[in-house]
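# Fold and geometry: a report
If you want the building blocks of each chain, they are given just below.
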Amino acid sequence: MSSKMINSILEDPEFKELARQKNKVSLILTITELVLYFGFIGLIAYNKPFLATKLSAGSATTIGIPIAVGVIILSWILTGIYIFWANSVYDEKVKRIKKRFGG
Amino acid sequence: MPTQAPQTVIGTLNPIAILCFLLFVAGTLAITYWAAKKTKTASQFYAAGGGITGFQNGLALAGDYMSAASFLGIAGLVSTKGYDGLIYSVGWLVGWPIVMFLISEPLRNLGKFTFSDVVAFRLKQKPIKTAAAIGSLVTVLFYLTAQMVGAGTLIKLMFGLPYESALFIVGGLMIAYVLFGGMLATTWVQIIKAVLLLGGATLLVLLTLDKVDWSYGKLFQMASDKYGSSFLEPGGLVSDPLDAFSLGLALMFGTAGLPHILMRFYTVPDAREARKSVFYATGFIGYFYILTVTIGFGAAVLVGKDAIMAIDKGGNMAAMVLAEFNGGSLLLGFLAAVAFATILAVVAGLTLAGASALSHDLYVGVFRSGKANEKEEMKVAKAATIGLGITAVLLGLLFKGQNVAFMVGLAFAVAASANFPALLLSIVWKRFTTAGAVTSIFTGMIVAVTLIMLSPTVYEDVMQAAPKKELVAANDKVAGIEKALKAADITPELKATKEAELTTAKADAATKKTAVKPAPFGMKNPGVFSMGLAFLMGILVSLMKREKTAEDMFESEKVRTYVGIGAEGANKH
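Within each chain, residue numbers correspond to sequence positions counted from 1 in written order. Both sets of labels track the order of writing: A upward for chains, 1 upward for ligands. For a predicted model such as this one, the threshold for reporting local features is a pLDDT of at least 70, and the threshold for listing and counting side-chain atom pairs is 80 or more; totals across whole chains, interfaces and linings nevertheless cover every residue. Excluded from the side-chain calculations are hydrogens and water; all other atoms, namely the structure's heavy atoms, are used.

### Details of the nonpolar core
Residue and element names in this part refer to chain B. The line we're drawing: What makes a nonpolar core is a set of buried Ala, Val, Leu, Ile, Met, Phe, Trp, Tyr and Cys residues whose side-chain atoms join them at distances within 4.5 Å. Throughout this description, buried means an accessible area under 20% of the type-specific maximum (1.4 Å probe, protein chains only), exposed means over 50%, and partly exposed covers the range between. Only heavy atoms matter for contacts: two residues are in contact if any of them lie within 4.5 Å across the pair.
One finds Phe 71, Ile 103, Phe 297 and Met 320 to be the most contacted residues of the largest nonpolar core, which totals 212 residues. Apart from the residues lying within four places of it in its own chain, the contact partners of Met 320 are Ile 10, Phe 71, Leu 72, Met 158, Leu 332, Leu 335, Ala 336 and Ala 339. By size, the runner-up hydrophobic cluster in this structure holds 8 residues, among which are Ala 474, Val 478, Ile 481 and Ala 505.

So, in structure tokens, the structure goes:
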């Protein structure tokens, strides 16, 4: 690929929009994951009694158990959200750009 | 009521285990033979020619990541410590979304075979490849040592096979897989192992749930009845908030800096398949950790902590004990063979990653300035595989009987501190320079290793193992007496004796304490400092002097990162 074509792709408004959007989605999802996990760690460090709360009277299960499992499941769901966005929106745009520039 | 230690065949030669294991070996060697015919070029050796699908790679990533340490270790931790064990299983999963959102696609689009290709993409090849290869090798060697020592010990526990023979079997087989079958054979070994491990763990969980009326509520109720409600609450494992945060950082970002994991993204044809593979891997690994937690609680409830710890103090045999309880020696044999296969698959992946750092990064990238022909590179890669395989066995022999659990933590800390910051900055930051990257890698590595050596985990528990053990025992005694004193129905006479005992025990504990030199660095996890400093130094040094060529190339790198135009397909040669 010539440097001229790289430059014209870089100047292309659709490419600029693509890069901006991709960064935004990655950043939002990364921050969500960080909040999710370090929120959990924060509860362990600062609020153990909350995690030790029983789910209901007469139940031995503490709220900490579904929360821990929930962090695992939500993490996976976040990767699913990314895949869904990337497959339906991102890849389509990439395809269009590639087509226009004959890449 | 004292828990009766059940009759167990763990630790004796189990014919079913041996049969299952031989079947696994025969199958994987047949695959290696098939793969050997397809492994002629460097791209086939390092990256299976880029012909693995996203789903297959997802399973293989899970296979690479679900080590025996996480299967046996987490189940053991949960069975002996309860809720605290869960904290680790969560920590080991949460790095995967980060890999997907920040790393997987640019990694696939910018590199060829290793992550140092990406860091070196627009920086100076020789210094970057040298530093990144050292970062990879240090990570791989710590991880490998922990796996090899674990392998020898576990196989001895499970099969009654001598430690040394176990190491030779593991070493010989992994060399065979990697040497002849390259990445293709290694990938299929991982896939088979992942399927066996997921299937075996699922079966074990179903049998366990059958015993508790298919109710998690009942399982936790039984655990709480047997060990008190504190078993289902976070306890003392994570006490200092900064230490907890630091551990979390290393677990989370360590995953995104493990060379054997990063290398797997070159086995798929493009970035789309790369991201797909992380989705599958995260699902499999998350499911697996939920299973191991269930196995841990099941073992604690159905078999009992004491019986588990009677076999292995660390609780590592919890899953095996539960297997024997649920399915007799048949299920025990099957799962023991699966655990053996697990170790084998993980060390094969590590060896391949180490060999790539030596041959692709150091030999070709540095000594031959990137110009070596295919034949020559393959020769070096194969020699490196044999060398690393032998090194792994020697490390296993050298550290026999040592407590090496800290080395897994160390591998994660180095991966998070030396490899991850440089990789991330090289992808996202235009001003990042060669000097900045090299400083960042070495800062992260040196700070992580030094602080762990000076932490209580190594300085007290490993280097002063004997006096530390006495101190812990003395402290436990004090705690035991204090607990007895708090009992409501204590008689005045007994109270007086116990109080006298307490004074002696406390004095004893105080003397024992003076025998242990306290660690200079008080935290168990250095991640917050080592990773923080790696980022800080990388940024500061980069800001001091600009690198014009690197900044110019950042623009063309962008087209490749986002659109994938110009991305070197490992399959397009």
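### Overview of the pattern of salt bridges
Note the threshold: Salt bridges are defined as contacts in which a side-chain nitrogen from Lys or Arg sits within 4 Å of a carboxyl oxygen from Asp or Glu. Only DSSP runs of H or I covering at least 4 residues are called helices, and only runs of E covering at least 2 are called strands; the numbering of each starts at the N terminus.
Tallied over the full model, the rule gives 28 salt bridges over all chains. Where Arg 100 of chain A meets Asp 12 of chain A, a salt bridge forms, and the shortest distance between an N and an O atom there is 2.8 Å. Residue Arg 100 of chain A is located in helix 4 (residues 64–101), and its partner Asp 12 of chain A is located in the loop between helix 1 (3–11) and helix 2 (13–46); the two are separated by 88 residues in the primary sequence. When its relative accessible area of 46% is taken as the criterion, Arg 100 of chain A is described as partly exposed. Overall, the relative accessible area of 9% leaves Asp 12 of chain A in the buried class. Where Glu 482 of chain B meets Lys 506 of chain B, a salt bridge forms, and the shortest distance between an N and an O atom there is 3.7 Å. Remark: Lys 506 of chain B occurs in helix 21 (residues 492–515) and Glu 482 of chain B occurs in helix 20 (residues 465–486); sequence separation between them is 24 residues. By relative accessible area, which is 31% here, Glu 482 of chain B ends up partly exposed. Overlapping salt bridges, with partners in common, bring together Lys 22 and Asp 91 of chain A together with Glu 105, Arg 272 and Arg 275 of chain B in one network.

### Section: the packing of aromatic side chains
Residues and elements named next belong to chain B. The test is simple: Stacked, edge-to-face and tilted are the three classes for Phe, Tyr and Trp ring pairs, Trp counted by its six-membered ring, which pair at centre distances within 6.5 Å; planes under 30 degrees apart are stacked, over 60 edge-to-face, the rest tilted.
Across all of its chains, the model carries 28 aromatic pairs over all chains by this definition. Where Phe 45 meets Tyr 46, the ring centres are 5.7 Å apart and the plane angle is 75 degrees; that geometry is what we call edge-to-face. The pair Phe 45 / Tyr 46 is uniform in exposure class, with both members buried. Here a set of aromatic residues connected by ring pairs shows up, and it is made of Tyr 65, Tyr 88, Trp 92, Trp 96, Tyr 143 and Phe 412.

### Quick notes on the side chain of Asn 525 of chain B
Residues and elements named next belong to chain B. Relative to the helices and strands, Asn 525 resides in the loop between helix 21 and helix 22 (527–544). With relative accessibility at 18%, the residue Asn 525 sits in the buried group. Beyond its immediate stretch of four places on either side in the chain, Asn 525 contacts Asp 243, Ser 246 and Leu 247.

### Quick word on the interface of chain A and chain B
Worth spelling out the cut-off: Here's the idea: put two parts together, see how much 1.4 Å probe accessible area each one loses, and the total over both is what we call buried area. In the analysis that follows, any N or O atom pair within 3.5 Å is treated as a polar contact, provided that within protein one partner can donate a hydrogen and the other can accept it, and provided that, for residues neighboring in sequence, both atoms belong to side chains. Under the scheme applied, nonpolar residues are Ala, Val, Leu, Ile, Met, Phe, Trp, Tyr, Cys and Pro; charged residues are Asp, Glu, Lys and Arg; polar residues are all the others, including Gly.
Residue-level contacts link 50 residues of chain A with 50 residues of chain B. Interface of chain A and chain B: buried area, both sides summed, is about 4,500 Å²; carbon and sulfur atoms make up 77% of it. Contact with chain B buries area across many residues of chain A, yet Tyr 37, Ile 72 and Trp 76 of chain A alone supply 14% of it, more than any other trio. Along the contact surface separating chain A from chain B lie 4 salt bridges. One salt bridge in this structure joins Lys 22 of chain A and Glu 105 of chain B, with 3.5 Å as the shortest N-O distance. There are 11 residue pairs in polar contact (both at pLDDT 80 or more) connecting chain A and chain B. Mapped onto the side of chain A that touches chain B, the elements with two or more residues apiece are helix 1, helix 2, helix 3 (48–51) and helix 4 of chain A. Broken down by element, the residue count for the side of chain A that touches chain B peaks at 20 residues, all from helix 4 of chain A. Split by residue class, the side of chain A that touches chain B holds 32 nonpolar, 12 polar and 6 charged.

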